[in-house]
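As a plain string of letters, each chain reads:
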Amino acid sequence: MSPVAFSLIVLAISYFAGLLGSLVGVGGGIVVVPALTLLMGVSIQKAIAASIISVIATSSGAAASYVTERIANMRLGMVLEIATVIGALTGAYLADWVSGKALFLIFAVVLSYTCWSMLKPKGHAVEPAPDPLADRLDLHGSYYDRALGRDVTYRLSRTKLGLAVSYLAGVASGLLGIGGGVLKVPVMNLAMGMPIKACTATSNFMIGVTAATSAAVYLMRGEVLPFVAAPVAIGVLLGAKTGATLLGGMKSSLIRYVFIAVLAVSAAQMLMKGLR
């Protein structure tokens, strides 16, 4: 395959990844890593490094729109990001010691767990609970939902659990190049009581900072290949801008179903790759 054809295919894949990533708050790495490794023959370490760059592009392309529309909860994002950045540094350093096969299997497990969490019926979700920490930090919020035509107000709970999962999400981001949204979106939605639209918008706001932390480590190790990372970043950025425009008018249930479908397909692909 010629370099031009390779770049164009990667650009198209990355556009779709950015579009999807901005809609569900996962940064696009959930599509970029499987696509580069399974379809384009790129090693998983190099794919993860390129994906880390794409996560920054997704956040840059989508977060500005979400902040302008006030869907993203910036106060919560800044609080959770403290734990996530620490986790991202941990994951980025661990990645140098983990084999490619193990990375595929870890990726599959993380995606499978997230898919299962999002599939649970609403009746199984944890009931809202008083949270003095959320009250003290004024983490509760509201936003205007264009699809519903009204304001949506919510109160958050279990902030400490959110911080713990955010650390794990940071580890996953640095280790797997997936932005951490696959863990943060479910915990914000199912445990903390945040509506799914606010979850994806807030996750997009956070993932850029997380990825930038991990990217520094990958750059120092020389694992970011420009001819792979450049088309990935451009495609993801364009896709993220499109997704950010579409999110406000979409139904929350549709966003959830798209999120689950992508998780399931990616988990199956990565599991097969890891078991070969």
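Here is what the cut-offs are and how they apply
- Sequence order as written defines the numbering, with residues in each chain counted from 1.
- Local features in this predicted model are restricted to residues whose pLDDT is 70 or higher, and side-chain atom pairs enter the listing and the counts only when it is 80 or higher, whereas totals over whole chains, interfaces and linings include all residues.
- In computing side-chain properties, one takes all heavy atoms of the structure into account and sets aside hydrogens as well as water.
- A pair is scored as a salt bridge if a Lys or Arg side-chain nitrogen falls within 4 Å of a carboxyl oxygen belonging to Asp or Glu.
- Runs of E in the DSSP output that reach at least two residues are strands. Runs of H or I that reach at least four are helices, and both are numbered from the N terminus.
- The convention used is that axes are lines fitted to C-alpha atoms, helices contributing only their stretch in contact, and that angles between N-to-C directions extend from 0 to 180 degrees.
- In this scheme, roughly parallel covers angles under 35 degrees and roughly antiparallel covers those over 145, while 65 to 115 is roughly perpendicular and the rest are oblique.
- Definitions for this section: a left-handed crossing has its near helix turned counterclockwise from the far helix by less than a right angle. A right-handed crossing has that turn clockwise.
- Whether two residues are in contact is decided by their heavy atoms: any pair within 4.5 Å suffices.
- Three residue categories are used. Nonpolar comprises Ala, Val, Leu, Ile, Met, Phe, Trp, Tyr, Cys and Pro, charged comprises Asp, Glu, Lys and Arg, and polar comprises the others, including Gly.
- Relative accessible area decides the class of each residue, using a 1.4 Å probe on protein chains only: under 20% of the type maximum gives buried, over 50% gives exposed, and in between gives partly exposed.
- Polar contact is the term for a pair of N or O atoms within 3.5 Å; when the atoms are in protein, one must be able to donate a hydrogen and the other to accept it, and sequence-neighboring residues count only if both atoms are side-chain atoms.
- The span one expects for a helix is its residue count, reduced by one, times 1.5 Å.
- To form a nonpolar core, buried Ala, Val, Leu, Ile, Met, Phe, Trp, Tyr and Cys residues must be joined to one another through side-chain atoms within 4.5 Å.
- A residue's pLDDT is the confidence the predictor assigns to it, expressed on a 0 to 100 scale.
- Paired strands, as defined in this entry, are two strands with at least two bridges between them according to DSSP.

S.K.: Would you take a moment to explain the pattern of salt bridges for this structure?
M.R.: Across all of its chains, the model carries two salt bridges by this definition. Residue Arg155 is joined to Asp135 by a salt bridge in which the shortest nitrogen-to-oxygen separation is 2.8 Å. With a gap of 20 residues between them, Arg155 in the loop between strand S2 (150–154) and helix H7 (159–176) and Asp135 in helix H6 (residues 132–137) connect regions that are remote in the sequence. A salt bridge links Asp145 to Lys197; the shortest N-O distance between them is 2.8 Å. Note that Asp145 is positioned in strand S1 (residues 141–145) and Lys197 in helix H9 (residues 196–220), a separation of 52 residues in sequence.

S.K.: For this particular structure, what's the right way to read the packing of helix H4 (residues 74–94) against H9?
M.R.: A pair of packed helices can be characterised by two numbers: the angle between their axes and the separation between those axes. Relative to each other, H4 and H9 sit at 25 degrees, their axes nearing to 8 Å. Taken together, the axes of H4 and H9 lie roughly parallel to each other. In this structure, H4 meets H9 at a crossing whose hand is right-handed. For the pair H4 and H9, contact is made by Met74, Gly77, Met78, Leu80, Glu81, Thr84, Val85, Ala88, Leu89, Ala92 and Tyr93 and by Thr202, Phe205, Met206, Val209, Thr210, Thr213, Ser214, Val217 and Tyr218, respectively. Along the lines of polarity and charge, the residues of the contact of H4 with H9 split into 13 nonpolar, six polar and one charged.

S.K.: So what exactly am I meant to see when it comes to the side chain of Asp145 here?
M.R.: Since its relative accessible area comes to 3%, Asp145 is described here as buried. A polar atom in the side chain of Asp145 sits 2.8 Å from the side chain of Lys197.

S.K.: Sorry, what's going on with the environment of Thr245 here?
M.R.: Relative to the assigned elements, Thr245 resides in helix H10 (residues 226–247). For Thr245, a relative accessible area of 57% puts it in the exposed group. Distance from Thr245 to Tyr66, taken between C-alpha atoms, is 9.1 Å for residues 179 residues apart in sequence.

S.K.: What exactly am I supposed to notice about H7 here?
M.R.: Think of an α-helix as turning once every 3.6 residues; residues three or four places apart then point the same way. With 18 residues, H7 extends 25 Å between its outermost C-alpha atoms, agreeing within 8% with the 26 Å of an ideal straight helix rising 1.5 Å per residue. When we look at burial in H7, the residues that qualify are Thr159, Gly162, Val165, Ser166, Ala169, Gly170, Val171, Ala172, Ser173, Gly174, Leu175 and Leu176.

S.K.: Explanation requested: the nonpolar core in the structure shown.
M.R.: The nonpolar side chains of a soluble globular protein tend to be buried with one another. Among the nonpolar cores identified, the biggest contains 81 residues, and Leu36, Leu76, Met188, Met194 and Tyr218 are the most heavily contacted of them. Residue contributions to this core peak at 10 residues, all from H9. Sequence-distant contacts of Leu36, that is, excluding residues within four places in its chain, are made with Val10, Gly41, Val42, Ala47, Ala50, Val228 and Val232.

S.K.: How should the environment of Val258 be read in this particular structure?
M.R.: For Val258, the position within the fold is in helix H11 (residues 252–275). The spacing of Val258 and Leu20 is 238 residues in sequence and 8.3 Å in space, taken between C-alpha atoms.

S.K.: When you look at the confidence of the model for the protein in this model, what are you seeing that I'm missing?
M.R.: Interpreting fine coordinate detail is not advised for predicted regions of low pLDDT. When the pLDDT values of the protein are averaged, the result is 79; 88% of them are 70 or greater. Mean pLDDT across the elements of the protein bottoms out in helix H3 (residues 44–68) (73) and peaks in H6 (91).

S.K.: How should I be thinking about the side chain of Ser14 in this particular structure?
M.R.: For Ser14, the position within the fold is in helix H1 (residues 3–24). Take Ser14: its relative accessible area is 1%, and that puts it in the buried class. Beyond its immediate sequence surroundings of up to four residues, Ser14 is in contact with Pro231, Val232, Gly235 and Val236.

S.K.: Hey, could you run me through the packing of H7 against H9 in this one?
M.R.: Close contact between H7 and H9 brings their axes to 9 Å; oriented N to C, the two are set at 40 degrees. Classed by the angle they form, the pair H7 and H9 counts as oblique. Crossing handedness for the pair H7 and H9: right-handed. Together, Gly170, Ser173, Gly174 and Leu175 of H7 and Thr210, Ser214 and Tyr218 of H9 make up the contact between the two elements. Per-class residue counts for the contact of H7 with H9 are two nonpolar, five polar and no charged.

S.K.: What am I meant to see in unusual backbone geometry here?
M.R.: Backbone geometry follows two general trends: most residues other than glycine have a negative phi, and most peptide bonds adopt the trans configuration. Here Asp138, not a glycine, exhibits a phi torsion of approximately 55 degrees, which is positive. In this structure, Asp138 sits in the loop between H6 and S1. Overall, Asp138 belongs to the partly exposed group, its relative accessible area being 44%. Phi at Arg158 takes a positive value of approximately 55 degrees, unusual for a residue other than glycine. Summarising the element assignment, Arg158 is placed in the loop between S2 and H7.

S.K.: I keep staring at the pairing of S2 and nothing clicks. Help me out?
M.R.: A regular strand places its side chains so that they alternate between the two faces of the sheet. Pairing of S1 with S2, which is carried by five bridges, proceeds in the antiparallel orientation. Paired with Gly141 across the two strands is Tyr154, which belongs to S2. Connecting S1 to the next strand, S2, in antiparallel fashion are four residues, including Gly149 with a positive phi near 75 degrees.

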